[in-house]
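An overview of the molecular structure
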Amino acid sequence: MIRLLQANAAKLATRVGAPIVIRKVLVRDIVKDRVPECDRSWLTTNPEEVLGDPETDVVVEVMGGEMPAYDYIRRAIDAKKAS
């Protein structure tokens, strides 16, 4: 997903009217290897750093499965974050 967002950054920015900035990536395992495009400073295991951040406008869920993904997306929607 990071690769897609970065590869399409200009097109997405034009469509939404603002640049796309990756702020956090919620993961289960912080030490697991990631794609080179994933800045390790983005990684967190704390959902509050994503869902509770007032500067985060959009949440992209790619975890799969029903739980806890459903709860996270429900919280994002309730907080008026696009998902």
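Here, the structure is the one placed above.
Quick look at the structure, then. (Residues numbered from 1 in each chain as written. Predicted model: local features only at pLDDT ≥ 70, side-chain atom pairs only at ≥ 80, totals over all residues. Heavy atoms only, no water.)

Topic: the environment of Val25
Put simply, the rule reads: Under the DSSP-based scheme used, a helix requires at least four consecutive residues in state H or I and a strand at least two consecutive residues in state E, with every element numbered from the N terminus. Two residues form a contact once any of their heavy atoms are found within 4.5 Å.
Relative to the helices and strands, Val25 resides in strand β1 (residues 25–26). In sequence terms Val25 and Asp78 are 53 residues apart; their C-alpha atoms lie 20 Å from each other. Residues in contact with Val25, not counting those within four places in the same chain, are Ile2, Cys38, Trp42, Leu43 and Thr44.

Structural notes on the environment of Arg40
As a reminder of what qualifies: Think of it in three bands: with a 1.4 Å probe and only protein chains considered, a residue is buried below 20% of the maximum accessible area for its type, exposed above 50%, and partly exposed in between. By the criterion applied in these results, polar contacts are pairs of N or O atoms within 3.5 Å in which, for protein atoms, one can donate a hydrogen and the other can accept it, and in which residues neighboring in sequence qualify only through two side-chain atoms.
Along the chain, Arg40 turns up in the loop between β1 and β2 (43–44). Overall, the relative accessible area of 45% leaves Arg40 in the partly exposed class. A C-alpha to C-alpha distance of 8.6 Å links Arg40 and Ile30, two positions ten residues apart in sequence. In contact with Arg40, not counting residues within four places along its chain, are Ile30, Val31, Lys32 and Arg34. One polar contact links the side chain of Arg40 to the main-chain carbonyl oxygen of Lys32, over a distance of 3.5 Å.

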